Amino acid sequence: MNEERKKILDMLSQGKITAEEAERLISALSDPGETGSSVDVRLPKYLRVMVEPSPENKGGDRVNIRVPLKLIKAGLKLASFIPKDARTQVNDALHEKGINMDFDKIRPEDIDNLVAQLDDLTVDVEGKETVKVFCE
Amino acid sequence: MIPLLLQLRIKPKEHRGFSIWLPFFLFWLIVLPLILAAGPFVLLAALMMSKDGRGKIVLNGYKAIFVVIFCMSGLKVDVQAKDAVIFFNLI
């Protein structure tokens, strides 16, 4: 058994990865050329927000929004046009709510990183309504 | 890509509502030349404001208009509330 395969099986036994992930990793090891071409590296293009009523609340509102990630990125960059006074007010309001965020410190690189990380974002909230936020 | 078509559907409660496809490219045919024609004036304004540091903001704002226009394609909003249905899709 080679070293990489042993590591994958160790991670599986420790519960760090699921059986499906282990299978995918092992198949990638066994034929790197083939998997290299078949791995889906498609980047997400849209942020989806879906709100659906629960089965008990069939008359509830339904919302289905698809926003291009590029538009979000452009919108975030527009934050730099907010006048400094207004930015200070926003920062103060956020601090009052207990959110430690400083609009003045957001740089274009941070915005790029933020949008890139949205790929991994998945939010599922179930209550009276089911709310799903994800990228596709 | 620039959005070329707008699919719009509005249906208020107890009304028939309407559903239309708008040729958005016609809108751009009018608006884009206007935005481009404003370019030299924006540049002039930016030069005049460069002394107090606001010139860069003006130029970035002008650039942002194009960025937003070109990123709008694919935007879809579908809201089905109790009293109205609103749907729009930029294609």
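These lines cover the structure that appears in this document, whether it is placed above or below. This is a predicted model, so every value here is computed, not measured.

1. As for the overall build of chain A
Secondary structure summary: chain A contains 6 helices and 4 strands in total. When the elements of chain A are put in sequence order from the N terminus, they spell out α-α-α-β-β-α-α-α-β-β. Looking at chain A residue by residue over its 136 residues, the buried ones come to 3%. The contacts of chain A with a sequence gap of at least 6 include a subset with a gap of at least 24, amounting to 45%.

2. Brief notes about helix 5 (residues 84-96) of chain A
Residues and elements named next belong to chain A. Spanning 13 residues, helix 5 covers 18 Å between terminal C-alpha atoms, matching the ideal 18 Å at 1.5 Å per step. Counting buried positions along helix 5 gives 0 out of 13 residues, so the element sits mostly on the surface. Immediately downstream of helix 5, the backbone of G98 shows phi near 85 degrees, a positive value.

3. With respect to the sheet that holds strand 1 (residues 5-12) of chain B
Sheets are built from strands that pair by backbone hydrogen bonding, the pairs being arranged parallel or antiparallel. Read from one edge of the open sheet, 8 strands run 3(A)-4(A)-1(A)-2(A)-3(B)-4(B)-1(B)-2(B), paired in antiparallel fashion. Where the open sheet ends on each side, the last strands, each with one partner, are strand 3 (122-126) of chain A together with strand 2 (18-23) of chain B. Adjacent strand axes in the sheet meet at a mean angle of 5 degrees when their direction is disregarded. Note that strand 1 of chain B and strand 2 of chain B share 6 bridges and pair antiparallel. The partner of L6 of chain B across the bridge, within strand 2 of chain B, is L22 of chain B. Contacting strand 1 and strand 2 of chain B, helix 1 (residues 24-49) of chain B runs over the sheet at an angle of about 45 degrees to strand 2 of chain B.

What counts and how
- Residues numbered from 1 in each chain as written.
- Chains lettered and ligands numbered in written order.
- Predicted model: local features only at pLDDT ≥ 70, side-chain atom pairs only at ≥ 80, totals over all residues.
- Helix = DSSP H or I, 4+ residues; strand = E, 2+ residues; numbered from the N terminus.
- Buried ≥ 20, exposed ≤ 12 C-beta atoms within 10 Å, placed from the backbone.
- Contact = placed C-beta atoms within 7 Å.
- Expected span 1.5 Å × (residues − 1).
- Pairing = 2+ DSSP bridges.
- Axes fitted to C-alpha atoms, helices over the stretch in contact; angles between N-to-C directions.

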